[in-house]
Amino acid sequence: MLNYARVNNLAGWTTFFIAFITYLLTIEETASFWDPGEFIAVAYKLQVPHPPGAPFFLLIYRMFSFLALGDGLEIAYWMNVGSALLSAFTILFLFWTITLLGRKLLLKNSEEPNTDQVYTLIGAGFIGALAYTFTDSFWFSAVEAEVYAMSSFFTAIVIWAFLKWDIIKDPREENKYMIFIAYLVGLSIGVHLLNLVTLPALALVVYFKKYKNHNLKGGIIAFLLGGVALVVINNFIIPGLPSIAGSLEIFFVNSLGLPFGSGIVFFSIAFLGGLVYAVIYSYRQEKVILNTILLCFSFILIGYSSYALIVIRANAEPVINENDPKDIISFVSYLKREQYGYRPLMQGQYFTADIVDQVEGAPVYAKGKEKYEIVDYQLENIYDPEKTTLLPRIYSTQERHKQIYRSKLGLREGQDPTFFDNIYFMFEHQLGHMYWRYFMWNFSGRESDLSNAPFLSIWNTVTTDFPNYIKENKGHNNYYMLPLILGLIGMFFQAKHDPESFWLTLMLFLMMGVVLVLYLNSPPVEPRERDYIYVGSFYAFAIWIGFSVMAISHQLRKLKKGMVMAGVYAALIALPVPILMAAENWNDHDRSDRYFSVDSARNFLASCAPNAILFTGGDNDTFPLWYVQEVEGFRTDVRVIVLSYFDTDWYIKQMARPVNESAALNFTLDYENYKKGTNDVLYVTERNIESLPLIEYLKLLKENSDLLKLTSNRSNSDINTVPSRILTLPVDSEVVDKAGIVPEEFEDLKIPNINIRIKGNYVTKGNLMLLDLIATNNWERPIYFNNTSLATIGFDVSSHVVMEGLTYRLLPIQKPDNQDELINTDLAYENVMEKFAFRGMDNPDNYFDDEFRRFTSNHRSVLNSIAIALIEEDDKERAKDVMRLSLERLPGEAIPYDLASGQAVPVLFELEMKEEALDIIDKMSKKSIELLDFYQETGRGLDREAQISAEMLRYFVPVLKEQGYEEKSTELQQNYERIFGAMSGNSRIQRR
């Protein structure tokens, strides 16, 4: 008879190595877009990431960085290897989880499995683990340095550990294992909180083992007790203990006059002393259950103690120190993610509700010189009670979100939603679009990698003739619903033959999927796809895929009794499914030889003059910049400022100190003028003042002058205002001329004053400090904006900026009204031709997803603009150089031609590059016609890609006609009219 334990271990490690090799071969070799750039940078130097932090993740990945042996260019690779390794361990524990659950089904007692049962169990574990190895969402996180790989590992090992605990007979060993599980849960807090969501489901394991007479009531009570454990950890331990310590700290310092830290010291001594006493008492009194609970609690705290790293490193004032949580008050705010706002869950407003009142809540404290000072009060908005509801799902009052709600629900402007609309949005968007679509991506198929891409089913695979653009998209993955079918077979088989384990698996599936969706209460639009959040739910479904092997084996034994190899045959029948998933997903998960996430960041920095200040708009255009500066040491003289962070006092303070090779920034306003609760918003009052000198205004603000005061309805406090919509900044011509910052070709555009017009009805703290920086800087350091920050600042400086590559430099000049933008052609040409990097972007075998293509389009657009500016200067040779660079380094064979490519066509004709222009027209018009025909035939609303296609088809018609290609122009015009004539008669076609 086969030794089951040995075979189980060997087979489990086999799946581990298959997964690890897969991820290693497809790993990203540098920092990916979005959060990995930040996480790699902060892990490398143990800095402070965005709330709520991931300190244990930082410590572990810092160790992986040592494998780079000091080579900054290899650090990202080795941290990505860390994710690959932890993801492979996730697969290992999934294998053992399937075999543990399968053993409970096959063997009602603890006897050893026979040969047939060994084959069946190993086959089930093998197929289930491999299927999950190659799922779209898990594979995505497995090859980049993000918290989700490590979070999945902790989730997997905790589920496995509970099942391992279930088969232990010795009570002493049981308790040891439970303490081990508690320690794992504590450590996982320092990575991600997904692990905690499993606790209500895993409480069923304890119930089924400890209570022999199972019933629905007992199961519900056990589940609820698991929920209590979740709430205790998530609400009491994580933010609760520091909150209590913070309250005592404020009392000891403010009321008793004791020094800073005294309240925390008292709380620590009292709490830890009480805990130690309770553990000793329970041990001496032989209260086993109490002792085990207390030890579990202690080990959760030991794991949670990794958060001390955040406070320690914040006090070291590293370069990246988000929220600056260096004291107990700011640390609690950091843990609670207060900067991200609040989403109503059980009771809240509809999006049409008006605020009828504001209630002043608890005071907000900040550490002062001698005590903790009240800097603000928490505000609770009171909404019209007629427009509130239970389980609010359409709650966001942002104007953009309101428009999307109305569009999705078919509501007219001014029409109020109903509770039915609220529930419809929950099922259609939150559960349907934001969960079940992702679920089907992983187990049925995905149409493409385009934003909001639908899933593939057997029905639309058979009935739909997809255009080549979609079929050739590497994200077009079709599994013919086979993984889904296997999972459903396994689910019904487990439900029939092992109901207890079925309820456990089902609760894991729902808690990490549907319940999580309801808890997150997502808004109508997200900045990117969020499928990676729900990988825990997909993990549970993979258990059922494994159980399908047991179901098939069971049926085979029914057909032929005594079939010893039934498990092997069943595994072979199911094996093509994970193989199909691997084959379909490989090309769009292979990130080797992809560098543009980092190269684009380098290109932004390379577009800046020495010692520059560069403003960015948000996370995805900032994190790669942090990475190349902090890890690769590239252009550390440039001070990168995230415009959205500039609204916070902690970030402004950080800008006022030197960092790396960048000197401190100078401001006119002091900390007292921009601290939390001060000048958060300044309303424009327009007191019949045509314009206001900016420098004089800043002086008045610094002096807290009564001339700027406006009485607030809240607490009878005074707030400062901006008395004019136009602020005037005089230009110090002597400084400007001495520095020689204005290019010779723009000398006649120099102006004595810059008039800055405020766009809205108020100025935020961030925009105020930007104005302060511009005024105080006095043209000493170059100030740049990227395209997103330039578009989002609250005042208009677009007439005073000059493009020098990917960035726009602020200069004391005025753009003529008849000109779109000003470009320093000499400097821009030098930057793009000599300093820009495009590694691997000309390789058609590389995978460039939608995120990459957007950044590529931005680069193509910039190159177009530079070429146009060179043409206007009658410098066609250099213009040709730029367009050749665009076509050679960013070819359509590797990155499909896009809107920017289409806009390059007139430029190419102007430069007599007709073959290249016609090639773009032919490829893009063919794609446009196929795609629009497809949308017309399927009755879909036009998404972003289809709208671009329609625009390009219309755009090429006059361009071709002007160049003398009458026949081609007429053909495109006829196709455009044919498609949109049919669409106009189809009531189902709506623009999204």
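Definitions and cut-offs
- Residues numbered from 1 in each chain as written.
- Predicted model: local features only at pLDDT ≥ 70, side-chain atom pairs only at ≥ 80, totals over all residues.
- Heavy atoms only, no water.
- Helix = DSSP H or I, 4+ residues; strand = E, 2+ residues; numbered from the N terminus.
- Rg over C-alpha atoms; globule rule 2.2 N^0.38 Å.
- Buried < 20%, exposed > 50% of the residue type's maximum accessible area, 1.4 Å probe, protein only.
- Contact = heavy atoms within 4.5 Å.
- Areas by Shrake-Rupley, 256 points an atom, 1.4 Å probe, with all protein chains shown as cover.
- Lys, Arg positive; Asp, Glu negative; His and termini not counted.
- Charge placed at Lys NZ, Arg CZ, Asp CG, Glu CD.
- Phe/Tyr/Trp six-rings, centres within 6.5 Å; stacked < 30°, edge-to-face > 60°.
- Axes fitted to C-alpha atoms, helices over the stretch in contact; angles between N-to-C directions.
- Parallel < 35°, antiparallel > 145°, perpendicular 65-115°, else oblique.
- Left-handed = near helix turned anticlockwise from the far one by under 90°.
- Nonpolar A, V, L, I, M, F, W, Y, C, P; charged D, E, K, R; others polar.
- Salt bridge = Lys/Arg side-chain N within 4 Å of Asp/Glu carboxyl O.
- Expected span 1.5 Å × (residues − 1).
- Pairing = 2+ DSSP bridges.
- Core = buried A, V, L, I, M, F, W, Y, C linked by side-chain atoms within 4.5 Å.
- pLDDT = per-residue confidence, 0-100.
- Patch = residues over 30% accessible without salt bridge, like charges linked within 9 Å, V, L, I, M, F, W, Y side chains within 5 Å.
- Polar contact = N/O pair within 3.5 Å; in protein donor to acceptor, adjacent residues only side chain to side chain.

Peer 1: Help me get a handle on the overall build of the protein, residues and values and all.
Peer 2: A tally of regular secondary structure across the protein gives 41 helices and 20 strands. Taking 30 Å as the expected radius of gyration for a compact globule of 992 residues, we find that the protein reaches 31 Å, a close match to that expectation. Structurally, the protein occupies a C-alpha span of about 95 × 85 × 65 Å along its principal axes. A burial count over the protein gives 58% of its 992 residues as buried. Considering only residue pairs separated by 6 or more positions, the protein has 74% of its internal contacts joining residues 24 or more positions apart. Carbon and sulfur atoms form 56% of the exposed surface of the protein, whose accessible area is close to 42400 Å². In the protein, 88 positive and 116 negative side-chain charges are present, and the distance between their average locations comes to 9 Å.

Peer 1: Could you give an account of the packing of aromatic side chains, with specific residues and numbers?
Peer 2: Enumeration according to the criterion identifies 79 aromatic pairs in this entry. Aromatic side chains Tyr435 and Phe538 sit 6.2 Å apart centroid to centroid with 25° between the ring planes, which places their arrangement in the stacked category. With Tyr435 in helix H17 (residues 419-443) and Phe538 in helix H23 (residues 535-559), the pair connects residues that are 103 residues apart, well separated along the chain. On the accessibility criterion, Tyr435 (0% relative accessible area) is buried.

Peer 1: An account of the packing of H17 against H23 is needed here, citing residue identities and associated values.
Peer 2: Put simply, H17 and H23 touch, their axes get as near as 11 Å, and they point 45° apart. With respect to H23, the axis of H17 lies oblique. The handedness of the crossing between H17 and H23 is right-handed. Contacts between H17 and H23 involve Tyr435, Tyr438, Phe439, Asn442 and Phe443 on the former and, on the latter, Ser537, Phe538, Phe541 and Ile545. Partitioning the contact of H17 with H23 into residue classes produces seven nonpolar, two polar and no charged.

Peer 1: For the pattern of salt bridges, give the residues involved together with the corresponding values.
Peer 2: Scanning the entire structure with this criterion turns up 44 salt bridges. Notably, a salt bridge pairs Glu317 with Lys326, separated by 2.9 Å at the nearest N-O pair. Salt bridges linked by common partners bring Glu28, Glu144, Arg591, Arg594 and Asp849 together as one network.

Peer 1: Could you give an account of helix H20 (residues 482-497), naming the residues involved and the relevant values?
Peer 2: When the terminal C-alpha atoms of H20 are compared, their 23 Å separation across 16 residues agrees well with the 22 Å that a helix rising 1.5 Å per residue should span. For H20, the set of buried residues is Pro483, Leu484, Leu486, Gly487, Gly490, Met491, Phe493 and Gln494. Buried residues along H20 sit in contact with helix H4 (75-106), H17, helix H21 (499-511), H23, helix H24 (566-574) and helix H25 (576-589).

Peer 1: Describe the sheet that holds strand E10 (residues 692-693), with residues and values.
Peer 2: As summarised here, the arrangement of the four strands in space is E10-E13-E14-E17, forming an open sheet in which the pairing is mixed. Every other strand in the sheet has two partners, leaving E10 and strand E17 (795-796) as the edge strands with one partner each.

Peer 1: Now, about the nonpolar core: what can you tell me, with residues and values included?
Peer 2: Ranked by internal contacts, the top residues of the largest apolar core, which has 315 residues, are Phe615, Phe646 and Phe785. Residue contributions to this core peak at 17 residues, all from H4. Discounting chain neighbours no more than four positions away, the residues touching Phe785 are Leu614, Phe615, Leu770, Leu790, Ile793, Val797, Val801, Thr807, Tyr808 and Leu810. If you look at the next biggest cluster of nonpolar residues, it comprises eight residues, including Ile394, Tyr395, Tyr405 and Leu409.

Peer 1: Could you give me a rundown of the confidence of the model for the protein, with the residues and numbers involved?
Peer 2: Mean pLDDT over the protein stands at 91; residues scoring 70 or higher make up 98%. In this model, residues 986-992 is a region of pLDDT below 50 whose contacts with residues beyond four sequence positions or in other chains number 18 contacts.

Peer 1: Hey, could you go over a nonpolar patch on the surface for me, with residue numbers and the actual values?
Peer 2: Taken together, the side chains of Ile221, Leu225, Val228, Val232, Phe236 and Ile244 define a hydrophobic patch exposed on the protein surface, amounting to about 490 Å² of accessible area. Mapped onto the secondary structure, Phe236 falls in helix H10 (residues 216-237). Given a relative accessible area of 37%, Phe236 falls into the partly exposed group.

Peer 1: Can you tell me about a negative patch on the surface, naming the residues and giving the values?
Peer 2: The grouping of Glu744, Glu745, Asp820, Glu872 and Glu873 at the surface amounts to a negative patch. Relative to the helices and strands, Glu873 resides in the loop between helix H35 (850-872) and helix H36 (876-889).

Peer 1: Break down the sheet that holds strand E7 (residues 613-616) for me, with residues and values.
Peer 2: Spatially, the six strands line up as an open sheet ordered E8-E7-E16-E19-E18-E20, and their pairing is mixed. Of all the strands in the sheet, just strand E8 (639-642) and strand E20 (822-823) have a single pairing partner and so form its edges. As paired elements, E7 and strand E16 (residues 783-785) share three bridges and run parallel to each other. The residue of E16 that forms the bridge with Leu614 is Tyr784.

Peer 1: Residue-level account of the environment of Glu28, with values.
Peer 2: Position of Glu28 among the secondary structure elements: in the loop between helix H1 (4-25) and helix H2 (35-45). Taking the relative accessible area as the measure of exposure, Glu28 reaches 0% and is therefore buried. With 114 residues separating them in the primary sequence, Glu28 and Ala142 have C-alpha atoms 9.7 Å apart. Setting aside residues no more than four positions away along its own chain, Glu28 makes contact with Tyr77, Asn80, Val143, Arg591, Arg594, Ser597 and Phe852.

Peer 1: Please give an account of helix H32 (residues 765-777) that cites residues and values.
Peer 2: For an α-helix, 3.6 residues make a turn, and residues three or four places apart therefore share a direction. The first and last C-alpha atoms of H32 sit 18 Å apart over 13 residues, in line with the 18 Å expected at 1.5 Å per residue. Across the 13 residues of H32, 12 count as buried, placing the element largely inside the fold. The complete set of buried residues in H32 reads Lys765, Gly766, Asn767, Leu768, Met769, Leu770, Leu771, Asp772, Leu773, Ile774, Ala775 and Asn777. Looking one or two residues beyond H32, the residue adopting positive phi is Asn778, at roughly 50°.

Peer 1: A description of the pairing of strand E2 (residues 355-367) should follow, citing residues and the corresponding values.
Peer 2: In terms of strand pairing, E2 meets strand E3 (residues 372-383) through 10 bridges, oriented antiparallel. Within E3, the residue paired with Ala366 across the bridge is Glu373. In textbook terms, the turn of a hairpin is the stretch between consecutive antiparallel strands, and for E2 and E3 this stretch comprises four residues.

Peer 1: Go over the side chain of Ser662, please, and point to the residues and values.
Peer 2: Examined against the element boundaries, Ser662 turns out to sit in the loop between helix H28 (649-655) and helix H29 (671-674). At a separation of 3.0 Å, a polar atom in the side chain of Ser662 contacts the side chain of Arg781. For Ser662, the residues in contact, after removing those within four places along its chain, are Asn611, Thr636, Asp637, Arg639 and Arg781.

Peer 1: So, unusual backbone geometry: which residues are in play, and what are the values?
Peer 2: A cis amide bond links Pro51 to the next residue, Pro52, at an omega of 0°. Mapped onto the secondary structure, Pro52 falls in the loop between H2 and helix H3 (55-65). In this structure, Glu286 takes a positive phi of about 55° despite not being glycine. Secondary-structure assignment places Glu286 in the loop between helix H12 (262-284) and helix H13 (288-304). According to the relative accessible area criterion, Glu286 is exposed, its value standing at 68%. The phi dihedral of Met481 is positive, around 65°, even though this residue is not glycine. You can see Met481 is positioned in the loop between strand E6 (477-478) and H20.

Peer 1: Could you give an account of the packing of helix H26 (residues 596-606) against H35, with specific residues and numbers?
Peer 2: Where H26 contacts H35, the two axes come as close as 10 Å, and the packing angle between them is 30°. Of the possible angle classes, the one that applies to H26 and H35 is roughly parallel. Remark: the crossing between H26 and H35 carries left-handed chirality. In this structure, H26 contributes Phe596, Ser597, Ser600, Asn603 and Phe604 to the contact, and H35 contributes Phe852, Phe855, Thr856, Asn858 and His859. Residue composition of the contact of H26 with H35, by class: four nonpolar, six polar and no charged.

Peer 1: Give a detailed account of the environment of Leu518, specifying residues and quantitative values.
Peer 2: With respect to the helices, strands and loops of the structure, Leu518 is situated in helix H22 (residues 514-520). Exposure remark for Leu518: the relative accessible area of 29% places this residue in the partly exposed category. Measuring from C-alpha to C-alpha, the distance between Leu518 and Met426 comes to 8.2 Å, with 92 residues separating the pair along the chain. Ignoring sequence-local partners within four residues, the contact set of Leu518 consists of Leu345, Arg393, Met426 and Leu431.

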